[in-house]
Amino acid sequence: YELTRKDLMVKNLKRYKRDQDKEASSTTFGSRDRKSSHKSVLDFVPVTYTLPADYSLFVEEFRRNPHSLWIMKPSARARGIGIFIITKLSQVKKWQKEKWSVGSSTARDQYVVSRYIDRPLLVGGRKFDLRLYVLVTCYRPLRVYAYRHGFARFCLVKYTTEISELDNLLVHLTNVAVQKHGEEYNARHGGKWNVKNLRLFLEAT
């Protein structure tokens, strides 16, 4: 539950990062090497806020980077439902007014907003994500078993950050629930590659 609700996943990632920062700063011997490797491991997580709780922090960050793209996601939904990309603060204000105009928001209504990774790795000009299955049997020490036959899910439409295409979910969201509505969707393979094929492709390029 803590990792499958987006707002709680953000909370846990931030807590994990704080713990790692504390551990790295408390190490004196070889601290430079530890900090550099620690930074490279954790910096893949984009700047993210939970709304409405972090709204003022988000506005402050948005104004520092006014030309960035941001992606809004409901905390407790799946299959790409309710996700949209924003380029202007006015879009958030309008959405906020409609969403929380009466009374305070419930946990069900919470959203996360993240700086959009607008230069992702592409294959054939298309976005993809990885669906990997793991079994965690222990946290301390951490013991994880990874299932070898994960897969990559691809968008049908070639990636672009053109303003006219920001609302086109077939460009930006890899969810099968979204992609299956595209004209070119192939139900046989579902727009997927297994991880082995993806690895072979990356090694070849």
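For the structure given in this document, a descriptive report is provided here. (Residues numbered from 1 in each chain as written. Predicted model: local features only at pLDDT ≥ 70, side-chain atom pairs only at ≥ 80, totals over all residues. Heavy atoms only, no water.)

**Overview of the sheet that holds strand β9 (residues 192-194)**
The strand order β5-β8-β9 describes an open sheet built from three strands, whose pairing is antiparallel. Edge positions in the open sheet fall to β5 (128-131) and β9, since each of these has one partner strand only. Neighbouring strand axes in the sheet, compared pairwise and without regard to direction, differ in orientation by 25° on average. In this sheet, β9 lies alongside strand β8 (residues 151-154) in antiparallel orientation, the contact comprising three bridges. Across the sheet, Phe 151 pairs through a bridge with Asn 194, a residue of β9. (Pairing = 2+ DSSP bridges. Helix = DSSP H or I, 4+ residues; strand = E, 2+ residues; numbered from the N terminus. Axes fitted to C-alpha atoms, helices over the stretch in contact; angles between N-to-C directions.)

**A few points about the side chain of His 172**
Mapped onto the fold, His 172 is located in helix α5 (residues 169-172). According to the relative accessible area criterion, His 172 is buried, its value standing at 3%. A distance of 2.7 Å separates polar atoms of two side chains, one belonging to His 172 and the other to Tyr 116. Reaching out from His 172, the side chain makes a polar contact with the backbone oxygen of Glu 165 at a distance of 3.2 Å. Excluding residues within four positions of it along the chain, His 172 makes contact with Ile 85, Tyr 116, Lys 127, Cys 155, Tyr 159, Thr 160, Glu 165 and Leu 166. (Buried < 20%, exposed > 50% of the residue type's maximum accessible area, 1.4 Å probe, protein only. Polar contact = N/O pair within 3.5 Å; in protein donor to acceptor, adjacent residues only side chain to side chain. Contact = heavy atoms within 4.5 Å.)

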